[in-house]
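# Examining the three-dimensional arrangement
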Amino acid sequence: MLLIATDCYLRRAGQICLALKQMKIGAGRYNGYGGKIDEKEKIRDAAARELLEESGVRASSERLQRVGDITFHQASVPEWRVHFFMVWDWKDEPRAVEPEKMGPPEWFDINHLPFSKLMPADVHYLPRLLAGECLRGKIFYNADATVLEGYELETVTSEQLES
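What this report covers is the structure whose coordinates are included nearby. From a predicted model like this one, the values you see are computed outputs, not experimental measurements.

## Here we look at the overall build of the chain
- What the chain contains, in helices and strands, is 3 helices and 8 strands.
- Going from N to C terminus, the chain has its helices and strands arranged as β-β-β-α-β-β-β-α-β-β-α.
- Computed over the C-alpha atoms, the radius of gyration of the chain is 15 Å, within 12% of the 15 Å expected from 2.2 N^0.38 for a compact globule of 163 residues.
- In terms of overall dimensions, the chain has a C-alpha envelope of 40 × 35 × 35 Å along the principal axes.
- By the burial criterion, 47% of the 163 residues in the chain qualify as buried.
- Summarising the internal contacts of the chain: among those between residues at least 6 apart in sequence, 62% fall at separations of at least 24.
- Carbon and sulfur atoms make up 51% of the accessible area of the chain, which totals about 8300 Å².

## Remarks on the environment of His 124
- If you trace the backbone, His 124 turns up in helix H2 (residues 122-130).
- Classification of His 124 by relative accessible area gives partly exposed; the value is 27%.
- Not counting residues within four places of it along the chain, the set of residues in contact with His 124 comprises Leu 148, Tyr 151 and Leu 153.
- In terms of polar contacts, His 124 uses its side chain to reach the side chain of Tyr 151, at 3.2 Å.

## As for the packing of aromatic side chains
- Inspection of every chain in the model, using the stated rule, returns 6 aromatic pairs.
- On the basis of an interplanar angle of 75° and a centroid distance of 4.9 Å, the ring pair of Tyr 30 and Phe 108 is categorised as edge-to-face. Here Tyr 30 is found in strand E3 (residues 30-31), whereas its partner Phe 108 is found in strand E6 (residues 106-109), with 78 residues between them in sequence. For the pair Tyr 30 and Phe 108, one class covers both residues: buried.
- With 6.3 Å between their ring centres and 70° between their planes, Phe 72 and Tyr 125 make a pair best called edge-to-face. One end of the pair, Phe 72, is in strand E4 (residues 65-74); the other, Tyr 125, is in helix H2, and 53 residues separate them in sequence.
- By relative accessible area, Phe 72 is classed as buried at 14%.
- Look at Tyr 125 and you get buried, because its relative accessible area is 3%.
- One aromatic cluster is present, built from ring pairs that chain together Tyr 9, Phe 72, Phe 84 and Tyr 125.

## Topic: unusual backbone geometry
- Residue Lys 40 is not a glycine yet carries a positive backbone phi of 65°.
- Structurally, the position occupied by Lys 40 is in the loop between E3 and helix H1 (43-55).
- Backbone geometry at Asp 92 places phi at a positive 75°, although glycine is not the residue there.
- Considering the arrangement of structural elements, one finds Asp 92 in the loop between strand E5 (79-87) and E6.

## Quick look at the pattern of salt bridges
- Considering all chains together, one arrives at 12 salt bridges under this definition.
- A salt bridge links Arg 49 to Glu 53, with the shortest nitrogen-to-oxygen separation between them at 3.2 Å. Here Glu 53 and Arg 49 lie together in helix H1, a separation of 4 residues that amounts to about one turn.
- What makes Glu 53 partly exposed here is its relative accessible area of 30%.

## A look at the layout of surface pockets
- Reported here for the largest pocket is a volume of approximately 830 Å³.
- Taken together, 33 residues line the largest pocket, and the ones lying closest to its centre are Lys 21, Ile 25, Asn 31, Gly 35 and Trp 80.
- Top contributing element to the lining of the largest pocket by residue count: H1, with 4 residues.
- When grouped by side-chain class, the residues that make up the lining of the largest pocket number 14 nonpolar, 8 polar and 11 charged.

The rules behind each value
- Residues numbered from 1 in each chain as written.
- Predicted model: local features only at pLDDT ≥ 70, side-chain atom pairs only at ≥ 80, totals over all residues.
- Heavy atoms only, no water.
- Helix = DSSP H or I, 4+ residues; strand = E, 2+ residues; numbered from the N terminus.
- Rg over C-alpha atoms; globule rule 2.2 N^0.38 Å.
- Buried < 20%, exposed > 50% of the residue type's maximum accessible area, 1.4 Å probe, protein only.
- Contact = heavy atoms within 4.5 Å.
- Areas by Shrake-Rupley, 256 points an atom, 1.4 Å probe, with all protein chains shown as cover.
- Polar contact = N/O pair within 3.5 Å; in protein donor to acceptor, adjacent residues only side chain to side chain.
- Phe/Tyr/Trp six-rings, centres within 6.5 Å; stacked < 30°, edge-to-face > 60°.
- Salt bridge = Lys/Arg side-chain N within 4 Å of Asp/Glu carboxyl O.
- 1 Å grid on protein atoms, 1.4 Å probe; cavity = no way out; pocket = protein on both sides within 12 Å on 5 of 7 lines; lining within 4 Å.
- Points joined across faces, edges and corners; volume = space filled by probe spheres on them.
- Nonpolar A, V, L, I, M, F, W, Y, C, P; charged D, E, K, R; others polar.

Here it is as structure tokens:
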């Protein structure tokens, strides 16, 4: 079974906004804003909806910059195919709308990311996404997602991600 989700990163000059996940895989670690796509929902629409629900930020789905398509494999749960987006243009300031899911937003310099508080695979793809690469690939975790067992990432064009 393959589940489809989104992950959005709010960006401003040299910074990224992250929040501590409070539940499920990645609890206690920083992440972008996103979640599962509803049945018959378009990926971009889901990304904009999840961003609003979790951060209070309003962004047009057409203005989201698609930068990644990565499938996460973990023995204990279904696979997750996550579509990543950079968000450069939005209304309202991010806040902890659903504090039981995501903690307060924090801004980090993109050259000084809190890797010890991110998921183990993030060190391999997040700096590349922040540098402007578009990526497609696979991430392999152990059963409780605490150990990165491997990864395959390839640089693709933005057009390849949209197809």
